[in-house]
There are 2 protein chains.
Amino acid sequence: MPYRGDVTIVAEAAIPSRRELNKAATREAIATAALELLRAKGMNGFTADDVANAAGVSRRTFFNYFSSPEAAIASFTQKYLDTVIEQLLLRPRDEALLESAQHALTAVEPKDLATLAETFALTQGDAQLSRFQLEAWDNCSSKIITAIGSRLGGLDAAGAAPGSTPLDANGELYLHALVQSVIACGRAAVEVWFRRHGEDISPASLAQLRELLVSAIGHLRTGFHS
Amino acid sequence: MPYRGDVTIVAEAAIPSRRELNKAATREAIATAALELLRAKGMNGFTADDVANAAGVSRRTFFNYFSSPEAAIASFTQKYLDTVIEQLLLRPRDEALLESAQHALTAVEPKDLATLAETFALTQGDAQLSRFQLEAWDNCSSKIITAIGSRLGGLDAAGAAPGSTPLDANGELYLHALVQSVIACGRAAVEVWFRRHGEDISPASLAQLRELLVSAIGHLRTGFHS
DNA sequence: CTCACTCCTTGCACTCACTGCATAACTTGC
DNA sequence: GCAAGTTATGCAGTGAGTGCAAGGAGTGAG
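A brief look at the structure comes next.

### Overview of unusual backbone geometry
In step 1: A positive phi angle, near 70°, is found at N44 of chain A, a position not held by glycine.
In step 2: By relative accessible area, N44 of chain A is classed as exposed at 70%.

Structural data, given as structure tokens:
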């Protein structure tokens with residue numbers, strides 16, 4: 001195994017420096033430590049101090065990475081949703097958004113889906129934790145909207161329009177309503193899944209979750225006519 | 001003006017006792033005090049102590065009513081959404097849900113819509129406050145789902161089914177996806193409105209907000225086909 | 001009216017989340 | 001290996017949020 005030091009290859013996504021690696025590592029350590037404490041003692045069963053100790057960093061460092069213990073937990077949901085966004089942006093541009101969403105939601109590692117499901121289950125019962133989860137889903141909406149918005153027409157966020165025609169009010173509403181509905185259906189699927197399967201994280205159960213996700217978006221595609 | 005003391009009439013909604021009136025009054029006082037402080041100094045510009053003093057109660061009493069200053073602010077959004085739910089449940093049962101939603105969203109006092117808009121505007125920029133707003137919208141989803149769920153078929157929440165057939169997994173997903181999408185479209189409308197009109201709470205601006213609300217739900221009705 | 005009862009308010013004390021600042025440890029480019 | 005920039009940590013301070021026990025106001029029966 002030659003060249004163990006600074007690895008050269010992998011041209012993708014820029015070479016992470018040691019600093020960046022360290023930061024990512026401690027961030028990871030803190031988040032997983034928080035998750036394990038949550039598993040073991042439930043929220044309110046541990047403090048920010050405990051998380052810091054378990055992760056092998058000082059309390060102050062903990063707060064350099066996360067604004068609260070809840071934020072550390074919610075980072076897993078964030079991460080899952082970020083990978084979904086990645087997948088979404090990889091889809092062909094001319095594909096219908098709802099179809100892209102169906103593909104993106106299911107094109108993630110089973111492991112990531114599992115932690116999404118688990119954190120969702122563990123989240124039930126703690127108000128503040130739930131709020132952070134909601135925030136994660138909402139952030140996802142915003143990111144997608146900005147991405148799609150800048151893709152077609154002027155920048156969606158306040159900023160100079162580069163070339164094409166900026167979105168009019170109707171188009172903007174359409175985009176926002178569509179994306180937020182997609183996210184809403186995603187959450188609905190997870191919710192229904194949890195009601196049915198509780199804390200069961202088995203592959204079979206996760207397969208059901210996938211199915212629910214697809215089928216929730218499917219309802220959006222075919223429309224609601226009750 | 002005879003009988004100024006204990007008024008007898010108004011058979012609707014039970015006679016509120018003096019205790020209940022007092023509680024409602026202090027709750028109201030605290031909430032409005034919080035809102036005024038928010039208007040004047042922005043979030044982070046005041047403490048729970050300040051709110052309590054402004055409302056003429058002790059700090060401890062403040063926390064008897066709200067778990068945090070943010071919760072006090074979010075109570076306005078809660079209230080607005082609760083009246084929407086009321087309106088929604090007043091609609092004929094055989095009406096399509098999406099149509100009911102359009103009516104319910106616009107059948108509220110202009111004043112309430114104004115405070116919804118204002119608190120939304122004031123909320124921008126504070127993370128914790130935003131989370132509480134999200135929670136309010138999400139609570140609204142849950143309430144509607146439970147209401148509709150118990151209306152058709154067995155209780156949606158875990159509980160004994162009274163008479164009719166309980167919802168199967170598909171029906172449950174359908175219901176959740178639909179309701180959460182409606183709420184999502186509501187939020188989307190407010191968001192787009194805010195982007196266009198900023199802090200403008202004039203009647204004309206609010207009329208536009210109403211229009212956006214209806215038209216967002218309209219998108220759900222006609223379906224998304226981009 | 002008044003006495004007992006219940007619920008609400010308040011002050012006190014305590015834990016812990018979160019932040020600014022100053023200092024030590026570490027990375028990086030030279 | 002040295003100077004510069006970053007990150008980790010310790011310290012101290014503010015303020016959120018809670019349990020507890022004492023005082024006060026609304027309630028109901030006699």
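### Looking at the pattern of salt bridges
In step 1: Enumeration over the complete set of coordinates arrives at 17 salt bridges over all chains.
In step 2: Across the salt bridge formed by R221 of chain A and E99 of chain A, the nearest N and O atoms sit 3.6 Å from each other. Here the residue R221 of chain A occupies a position in helix α9 (residues 203–222), and E99 of chain A occupies one in helix α5 (residues 97–106), the gap between them amounting to 122 residues.
In step 3: Classification of R221 of chain A as partly exposed rests on a relative accessible area of 35%.
In step 4: Here D82 of chain B ties to K143 of chain B by a salt bridge, and the two come within 2.8 Å at their closest N and O atoms. Highlighted residues: D82 of chain B in helix α4 (residues 69–90) and K143 of chain B in helix α7 (residues 127–151), separated in sequence by 61 residues.
In step 5: Judged by relative accessible area, which is 37%, K143 of chain B ranks as partly exposed.
In step 6: Each of E172 of chain A together with R195 and R196 of chain B takes part in a single network of salt bridges with overlapping partners.

### Considerations on the interface of chain A and chain B
In step 1: Across the contact, 42 residues belong to chain A and 42 residues belong to chain B.
In step 2: It is R131, L173 and F224 of chain A in chain A that bury the most area against chain B; as a group they hold 19% of the surface buried on that side.
In step 3: In this structure, the connection of chain A to chain B is made through eight salt bridges.
In step 4: The salt bridge partner of E172 of chain A is R196 of chain B, with a shortest N-O separation of 2.3 Å.
In step 5: Linking chain A to chain B there are 15 residue pairs in polar contact (both at pLDDT 80 or more).
In step 6: When residues of the side of chain A that touches chain B are traced back to their parent elements, those giving at least two are α5, α7 (127–151), α8 (169–197) and α9 of chain A.
In step 7: Among the elements that take part in the side of chain A that touches chain B, α8 of chain A stands out by supplying 19 residues, more than any other.
In step 8: The residue inventory of the side of chain A that touches chain B, partitioned by class, reads 22 nonpolar, nine polar and 11 charged.

### Things to note about the relation of the copies chain A and chain B
What relates the two chain copies is a rotation about an axis together with a slide along it.
In step 1: When chain A is fitted to chain B, the residual RMSD is 0.0 Å, and the transformation amounts to a turn of 180° plus an axial shift of 0.0 Å. With respect to symmetry, the two chain copies, as superposed, fit the operation of a two-fold axis. Looking at the rotation axis and the C-alpha trace of chain A, the residue lying nearest is S181 of chain A, at 2.3 Å.
In step 2: The overlap is high: 100% of the interface residues of chain A also sit at the interface in chain B, so the same surface is used on both sides.

### Looking at the protein's contact with DNA strand D
In step 1: Taken together, 21 residues sit near DNA strand D, with R19 and T61 of chain A together with R59, R60 and S68 of chain B positioned nearest.
In step 2: Atoms of DNA strand D within 4 Å of the protein belong to the sugar or the phosphate in 56% of instances, the rest to bases.
In step 3: The side chain of Y65 of chain A places a nitrogen or oxygen atom 2.9 Å from a phosphate oxygen of DNA strand D.
In step 4: Taking R60 of chain B, its side chain carries an N or O atom lying 2.6 Å from a base oxygen of DNA strand D.
In step 5: Elements with a contribution of two residues or more to the surface near DNA strand D: α1 (18–41) and α3 (59–65) of chain A together with α1 (18–41) and α3 (59–65) of chain B.

Reading the values: rules and limits
- Along each chain, residues carry numbers from 1 onward, in the same order as the chain's sequence is written.
- Working convention: letters from A go to chains and numbers from 1 go to ligands, in the order in which they are written.
- Residue-level local features of this predicted model are given only where pLDDT is at least 70; pairs of side-chain atoms are given and counted only at 80 or more, and the full residue set underlies all totals for whole chains, interfaces and linings.
- Values reported for side chains reflect all heavy atoms of the structure, with hydrogen atoms and water molecules removed beforehand.
- Throughout, exposure labels follow a simple rule: accessible area from a 1.4 Å probe, protein chains only, divided by the maximum for the residue type, with under 20% read as buried, over 50% as exposed, and the rest as partly exposed.
- The working definition used for a salt bridge is a side-chain nitrogen of Lys or Arg within 4 Å of a carboxyl oxygen of Asp or Glu.
- The helix and strand labels rest on DSSP assignments: H or I over at least four residues marks a helix, E over at least two residues marks a strand, and numbering proceeds from the N terminus.
- Between two residues, a contact is recorded if the distance between any of their heavy atoms is within 4.5 Å.
- Each of two parts loses accessible area, computed with a 1.4 Å probe, when they are put together; buried area is these two losses added.
- Nitrogen and oxygen atoms within 3.5 Å of one another constitute a polar contact, given that in protein one can donate a hydrogen and the other can accept it, and given that sequence-neighbouring residues count only through two side-chain atoms.
- Gly is put with the polar residues, along with every residue not named as nonpolar or charged; the nonpolar set is Ala, Val, Leu, Ile, Met, Phe, Trp, Tyr, Cys and Pro, and the charged set is Asp, Glu, Lys and Arg.
- Least-squares superposition aligns the copies on the C-alpha atoms of those residues with pLDDT at or above 70 in both.
- Working definition: residue near molecule or strand if any one of its non-hydrogen atoms lies within 4 Å of it.

None of the figures reported here should be taken as evidence of function without further support.
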